[in-house]
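# Report on the structure
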Amino acid sequence: MNPFVANQVHAVIEEIRLLEAFITAPLGLYSDIKMMRESLPFPDAAELPRDELRERRTAFGQITDFPQQLTLDTISSLRASVNILAQVKDDAEITKLHEGWIPRVRMVLNRSENQVAAELRAGIASKLCGIYVIVDPEATGDRDVIEIAMAALKGGVTAVQFRDKTRDKGEVISIARELLNLCNQHDALFIMNDDADVTIASGAHGLHVGQTDLPIGEARKSLALHQIVGRSNNGLEQAIDSHQQGADYLAVGAVYATTTMGKSGRSAVGPETIRKVREAVDQPIVAIGGIDESNIVEVVQAGAESICVVSAITMADNPEAAASKLVGLFNSA
């Protein structure tokens, strides 16, 4: 066998073994991955002795603190090696793989990637627990959005969304990158409103879309596998639809009447709708709209994992103190 091809085969076998160690559920997917290796006509692909297999699994588990990301990178590398083998000619052992094995492997890798990426995004979305603030230059009292975001983060918010309908994209990307750095320093999530291209360029943790914005499936096609997508919902029916489309979190509101950012036309759904959505879906719920110190406790008790506010923090004389107060009320609820 050509030495280059032999190296690709060796890489394929070792990468499949790593996937076997890291993808243990769902059972059907694990079995498919194991079959990828077992159906290879090479001695190195044979099942290892139990002791050696145990040692490998232990070793694999120790090589990273981010197994899901390593798994995705391994899938990408394995896909590249498979694509190389698909181009090999004049090698009987390899060309036998072209008709059946390679097409099946590609399908299994796609399923594996979708499964692991969904698990990774679920872990990221689980950080939506606490106060989530939207910073918008039209709702900061003429103060800089970076200044407001920094104050909110110091006050303990766990997520910042950037919304800007006034600036050019180049300037928005620059600000978004600054906000991402701030959020990373405070172990908080940074979400970009509406713009998938800015989300990609800035490296934001996720994108937030409305009912009439880019569909979730279309957004996923352009975003990185780890970037989450949240969607706004004005009631139970929309929330269920977003759940079925695969949103990583659901923003539900307006819970109470609000005029912030032109939302005066949105019907108030009340805390009871939060309770109904909580019973119907398993994604994190971000309650939004008219929430402040006077009503935050009842919204948290209705089942929201996160409370999204705008003016209660961004228009406050002291945004850090306002954020801290809301964080305290959230934690006490």
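Notes on the structure follow.

### Examining the side chain of Thr158
Examined against the element boundaries, Thr158 turns out to sit in the loop between helix 7 (145–154) and strand 2 (159–162). A distance of 3.4 Å separates a polar atom in the side chain of Thr158 from the backbone oxygen of Cys129.

### Some remarks on empty space enclosed by the protein
One pass over the full model with this rule turns up one cavity of 30 Å³ or more. Here the largest cavity is characterised by a volume of approximately 60 Å³. Put simply, the parts of the chain that give the lining of the largest cavity at least two residues each are helix 1 (3–22) and helix 3 (50–61). Broken down by element, the residue count for the lining of the largest cavity peaks at four residues, all from helix 3. Along the lines of polarity and charge, the residues of the lining of the largest cavity split into three nonpolar, no polar and five charged.

### Quick notes on the sheet that holds strand 5 (residues 228–233)
Read around the barrel, eight strands follow the order 1-2-3-4-5-6-7-8 and close on themselves; strand pairing throughout is parallel. On average, each strand axis in the sheet is tilted by 25° relative to the strand beside it, whichever way the strands run. The pairing of strand 2 with strand 3 (residues 189–193) spans four bridges and is classified as parallel. The residue of strand 3 that forms the bridge with Phe162 is Met192. In this fold helix 8 (residues 169–185) packs onto strand 1 (130–135), strand 2 and strand 3, with an angle of close to 160° to the strand it touches most, strand 3.

Criteria and cut-off values
Residues numbered from 1 in each chain as written. Predicted model: local features only at pLDDT ≥ 70, side-chain atom pairs only at ≥ 80, totals over all residues. Heavy atoms only, no water. Helix = DSSP H or I, 4+ residues; strand = E, 2+ residues; numbered from the N terminus. Polar contact = N/O pair within 3.5 Å; in protein donor to acceptor, adjacent residues only side chain to side chain. 1 Å grid on protein atoms, 1.4 Å probe; cavity = no way out; pocket = protein on both sides within 12 Å on 5 of 7 lines; lining within 4 Å. Points joined across faces, edges and corners; volume = space filled by probe spheres on them. Nonpolar A, V, L, I, M, F, W, Y, C, P; charged D, E, K, R; others polar. Pairing = 2+ DSSP bridges. Axes fitted to C-alpha atoms, helices over the stretch in contact; angles between N-to-C directions. Contact = heavy atoms within 4.5 Å.

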